[in-house]
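Observations on the model geometry
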Amino acid sequence: MTEIELIIELHKDAQRQGPGSYAETVRALDMIGDDKNTLKKIADIGCGSGASTLALAKNTSAHITAVDLFPEFLEKLQQSANAQGYNERISTETLSMDDLPFADDEFDMIWSEGAIYNMGFENGIKAWRKYIRTGGYLAVSEITWKTATRPEEIDLHWNREYPEIDTASNKVRILEQNGYSLVGYFALPEYCWIDNYYRPMQERFSEFTDKHGNTELAQSIVETERREIALYETYKDYYSYGFYIAQKL
Ligand code: SAH
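Definitions and limits used
- Residues numbered from 1 in each chain as written.
- Predicted model: local features only at pLDDT ≥ 70, side-chain atom pairs only at ≥ 80, totals over all residues.
- Heavy atoms only, no water.
- Helix = DSSP H or I, 4+ residues; strand = E, 2+ residues; numbered from the N terminus.
- Rg over C-alpha atoms; globule rule 2.2 N^0.38 Å.
- Contact = heavy atoms within 4.5 Å.
- Areas by Shrake-Rupley, 256 points an atom, 1.4 Å probe, with all protein chains shown as cover.
- Lys, Arg positive; Asp, Glu negative; His and termini not counted.
- Charge placed at Lys NZ, Arg CZ, Asp CG, Glu CD.
- Expected span 1.5 Å × (residues − 1).
- Buried < 20%, exposed > 50% of the residue type's maximum accessible area, 1.4 Å probe, protein only.
- Arc of directions from axis to C-beta.
- Phe/Tyr/Trp six-rings, centres within 6.5 Å; stacked < 30°, edge-to-face > 60°.
- Lys NZ or Arg CZ within 6 Å of the ring centre and 35° of its normal.
- Near = heavy atom within 4 Å.
- Polar contact = N/O pair within 3.5 Å; in protein donor to acceptor, adjacent residues only side chain to side chain.
- Nonpolar A, V, L, I, M, F, W, Y, C, P; charged D, E, K, R; others polar.

**A look at the overall build of the protein chain**
What the protein chain contains, in helices and strands, is nine helices and eight strands. Taking 18 Å as the expected radius of gyration for a compact globule of 249 residues, we find that the protein chain reaches 18 Å, a close match to that expectation. Its C-alpha atoms give the protein chain principal-axis dimensions of about 50 × 45 × 30 Å. The long-range fraction of contacts in the protein chain, counting pairs at least 24 apart against all pairs at least 6 apart in sequence, stands at 75%. Counting only carbon and sulfur atoms, one obtains 45% of the accessible surface of the protein chain, whose full area is about 11500 Å². The positive charge centre, built from 25 side chains, and the negative charge centre, built from 41, are 5 Å apart in the protein chain.

And the structure:
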């Protein structure tokens, strides 16, 4: 198995593939007020196995196009959508977020939790803007510094992993410079990382390494995750995922 196949194996049976929660998805959605009731078409980009997609289906009457690069995740979402009676309102598309076939103004809202980093925040919000109708919304969660300064170890780590990591005020400025107006912002609370993402992942580690013959590659994937978890536990006061809800002007 290749590295990416192993990473998919580790994550595909999880409820989510990044920090988040049902309550925080609803909290972000509620920030658009009564417009929530007028949403007809939403795209959920980098949806993974669809935790947010299902929350959006439950809390709106919109049709949701759920996009991910990996069909393994979309199959999981399709199963959940069928089981929960949303198969008419959720359709899945295997696509890359940087090469989407959508029409201009096609969506009332674009949603993306913990995924825009794959093409970069600024690239993503610029590229996706044309698919949102004027007055429509964008909601993205993205790793964000909570303070102006921070210890060197964590600063170096995240700048190496994702150089676009920044404070919320700088991210908001990027939104404003690219034709969006901020509607709301909050940082994901700790339980979204620990209870909903890292702990369930830790519980899969030994089964994962057993199943994959304890190969060096499988071990190194687990080691990388363990290191990320340890850094989060030490430095969680300094970063989280920020949830940015903005309107296209
Ligand atoms: N939104 C989900 C998944 C977040 S993890 C959640 O919050 O649980 C990031 C997701 O982006 C993964 O599902 C991954 O498969 C997907 N992804 C990575 N590169 C992508 C690309 N180029 N286009 C679309 N999706 C991509």
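**Description of helix α4 (residues 71-83)**
Relative to the 18 Å expected for 13 residues at 1.5 Å per residue, α4 spans 18 Å between its end C-alpha atoms, a close match to the ideal helical length. For α4, the full list of buried residues reads Phe-73, Leu-74, Leu-77 and Ala-81. Burial along α4 is one-sided: seen end-on, the buried residues are contained in an arc of 95 degrees. Exposed side chains of α4 directed beyond 90 degrees from the buried face belong to Glu-75, Gln-79 and Ala-83. Of the surrounding secondary structure, the elements contacted by the buried residues of α4 are α1 (3-11), α3 (51-59), β2 (63-68) and β3 (90-94).

**A closer look at the packing of aromatic side chains**
The way to describe two aromatic rings as a pair is by their centre distance and the angle between their planes. For the structure shown, the criterion picks out 18 aromatic pairs. Judged by centre distance (4.8 Å) and plane angle (75 degrees), the rings of Phe-102 and Phe-107 are edge-to-face. Across the pair, Phe-107 and Phe-102 agree in class, each one buried. Geometrically, the ring pair formed by Phe-102 and Tyr-131 is edge-to-face, given 5.6 Å between the ring centres and 85 degrees between the ring planes. Residue Phe-102 is found in the loop between β3 and β4 (107-113), and its partner Tyr-131 is found in the loop between α5 (121-129) and β5 (132-145); the two are separated by 29 residues along the sequence. Taken individually, Phe-102 and Tyr-131 each receive the classification buried, so the pair is uniform in this respect. An aromatic cluster is built from Trp-145, Trp-158, Trp-193, Tyr-197, Tyr-198, Tyr-232, Tyr-239 and Tyr-241, whose rings are joined through pairwise contacts. Taking the ring centre of Phe-107 as reference, the NZ or CZ of Lys-41 above it sits at 5.1 Å.

**Details of the site of the ligand**
Of all residues adjacent to the ligand, which total 17 residues, the nearest are Gln-17, Gly-46, Asp-68, Met-97 and Glu-113. One of the backbone nitrogen or oxygen atoms of Gln-17 is found 2.8 Å away from an oxygen atom of the ligand. One of the backbone nitrogen or oxygen atoms of Met-97 is found 2.8 Å away from a nitrogen atom of the ligand. Notes on the ligand: free accessible area 560 Å², of which the protein chains cover 92%. Class assignment for the residues of the shell around the ligand results in seven nonpolar, seven polar and three charged.

By themselves these figures say nothing about function.
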